[in-house]
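What the coordinates show
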Amino acid sequence: KKIRVAVLYGGRSGEHEVSLQSAASVIRYLDKEKYEIIPIGIDKTGRWHLSGPEVLASTTKALPIYRNMPEVVMPSNPDALSTGVVALASGASTPTTFNGKFDVVFPVMHGTFSEDGTIQGLLELADVPYVGCGVLASAVGMDKDIAKRVMRDAGLQVVPWVTVRNGEWARNPSALEARIAKELGFPCFVKPANAGSSVGVHKVKTADALAAAINDALRYDTKILVEKAISVREIELSVLENIQLSEEPLVSVVGEVTPTHEFYSYEAKYLDENGAALHIPALLTPTQMKTAQDIARCVFTALECEGLARVDLFLDKESGEFYVNEINTLPGFTSISMYPKLWEASGISYADLLSKLVDLALARHTRKS
Ligand code: ATP
Ligand code: MG
Ligand code: MG
Ligand code: MG
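The paragraphs below set out a description of the structure included in this document. Quantities reported herein were computed from a predicted structural model and do not represent experimental measurements.

The next subject is the coordination of the magnesium ion (ligand 2). The protein atoms that coordinate the magnesium ion (ligand 2) are E326 (OE), E326 (OE) and N328 (OD1), at distances spanning 2.0 to 2.4 Å. A distance of 3.1 Å spans the gap from the magnesium ion (ligand 2) to the magnesium ion (ligand 3), which N328 bridges by coordinating each metal. N328 shares its class with E326; the two are buried.

Have a look at this one:
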């Protein structure tokens, strides 16, 4: 009997469009001999649909960088499953599309209400096995302020930052501006605490541009980070939970992204086909590779991750030191995305990676119940 995998995608986040692309690849490559696939899309207003990503995609703008990707054709039923929570929790069915429960959920969503522990909490409550990090690691990993504190506590180097909350900023912007200028200087980076795909991220070169950047980042979150800008090489690693619990997580070969823009912005990631070059493996010495892999393993463990995560490091061009930039617990998952590409270069094909992730999800559920 085939394992029924619900692929949950879309969602109410700034990364909705990216999720449609990721889900299209996951659906395409999940092994049809082993799995029956039930695509469930969450539209931008939060309504749930039993249909493939191409149906929701028709209502949004396509991302140019993926325009050469093969089309995914899935049987679709655009009927809204507006009570998604109840449907999941009870295993309720819509008779036209499927009957009964699914065995496992693969959340292929990025950002808020997706990667931040909310969906994970819903699935825990519904007692449904799911791919990836649990509630705690998802929530901590999503919040860059909290994640940096946990990583710092684990002895990892993170870039110096100042946390700004909207109330504080509204009350006394000049005090905060002065503090940022003194502690961090310019250039600096301003980013929402909870976001992704560089949505709301700004490089600020002078003091007079700071307020506008902070105001913009505060559109996406009530808490933002201002970080010292460092001159960086951007290093990314894929981490996979080890099915043997006693063993350390598995870390891929090291990758590097070289944006052709001022930084690795949303435009460089998704709108400009020549926005960045990926180097797999990264052009590092064997010692640097090993250091990067040790750091990635440590991040995954410190944040109590399960399943998968992509760990992004900065290699400071001046000091040669590594900093942990951030972790992404549901990283981009198109067949051209860094997470699966790094595993491919490490000997695990895209399809095998998906199977491993489903196996890990089922194994965790068995272990915990
Ligand atoms: P992702 O899509 O990987 O989830 P994100 O939205 O979580 O990204 P960050 O990775 O924090 O955002 O920042 C986006 C980009 O901005 C980085 O890849 C890098 O190019 C640049 N950047 C962010 N912070 C710094 C910094 N302190 N110094 C130099 N560059 C930075
Ligand atoms: Mg991120
Ligand atoms: Mg992200
Ligand atoms: Mg990033």
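Let us keep going from here.
We now examine helix α9 (residues 210-217). Within the sequence span of α9, burial applies to L210, A213, I214, D216 and A217. For α9, the buried positions fall inside an angular range of 165° around the axis, keeping them on one side. Tucked into the core, α9 has its buried residues touching α7 (166-171), α8 (173-183), β6 (188-192), β7 (202-204) and β8 (223-228).

The tally for this structure, following the rule as stated, stands at six aromatic pairs. Here F333 and Y339 contribute two aromatic rings whose centre-to-centre distance is 5.7 Å and whose plane-to-plane angle is 45°, an arrangement assigned as tilted. A residue is classified by how much of its surface remains accessible, and F333, at 3% relative accessible area, is buried. Ring centres 5.7 Å apart and planes at 85° place the aromatic pair F333 and Y350 in the edge-to-face group. Highlighted residues: F333 in the loop between β14 (322-328) and α12 (338-345) and Y350 in helix α13 (residues 350-368), separated in sequence by 17 residues.

Next up on the list: the pairing of strand β9 (residues 232-240). Across the nine residues that make up β9, a large majority, seven, are buried. Judged from the nine bridges that link them, β9 and strand β13 (residues 308-316) form a sheet pairing that is antiparallel. Residue L237 lies in a different strand from β13, and its bridge partner there is V311. For β9 and strand β11 (residues 255-259), the ladder comprises three bridges, and the chain directions are antiparallel. Across the sheet, the residue bridging to E236 is G255, located in β11. By the bridge criterion, two bridges tie β9 to strand β10 (residues 250-251) in an arrangement that is antiparallel. Bridged to L240 within β10 is L250.

The next thing to look at is the sheet that holds strand β1 (residues 3-10). The strand order across the open sheet formed by four strands is β3-β2-β1-β4, and the pairing between neighbours is mixed. Of all the strands in the sheet, the pair left with one neighbour each is β3 (48-49) and β4 (104-108). Pairing of strand β2 (residues 35-42) with β3 involves two bridges; the strand directions are antiparallel. Residue pairing for β3: G41 is matched across the bridge by H49. In the packing of helix α4 (residues 118-125) onto the sheet, the strands contacted are β1, β2, β3 and β4, and the crossing angle to β4 comes to about 175°. The strands that α13 touches are β1, β2 and β4; relative to β4, the one it contacts most, it runs at about 125°.

Analysis parameters
- Residues numbered from 1 in each chain as written.
- Chains lettered and ligands numbered in written order.
- Predicted model: local features only at pLDDT ≥ 70, side-chain atom pairs only at ≥ 80, totals over all residues.
- Heavy atoms only, no water.
- Donors = N, O, S within 2.8 Å, 3.2 Å for Na, K, Ca; no water.
- Buried < 20%, exposed > 50% of the residue type's maximum accessible area, 1.4 Å probe, protein only.
- Helix = DSSP H or I, 4+ residues; strand = E, 2+ residues; numbered from the N terminus.
- Arc of directions from axis to C-beta.
- Contact = heavy atoms within 4.5 Å.
- Phe/Tyr/Trp six-rings, centres within 6.5 Å; stacked < 30°, edge-to-face > 60°.
- Pairing = 2+ DSSP bridges.
- Axes fitted to C-alpha atoms, helices over the stretch in contact; angles between N-to-C directions.

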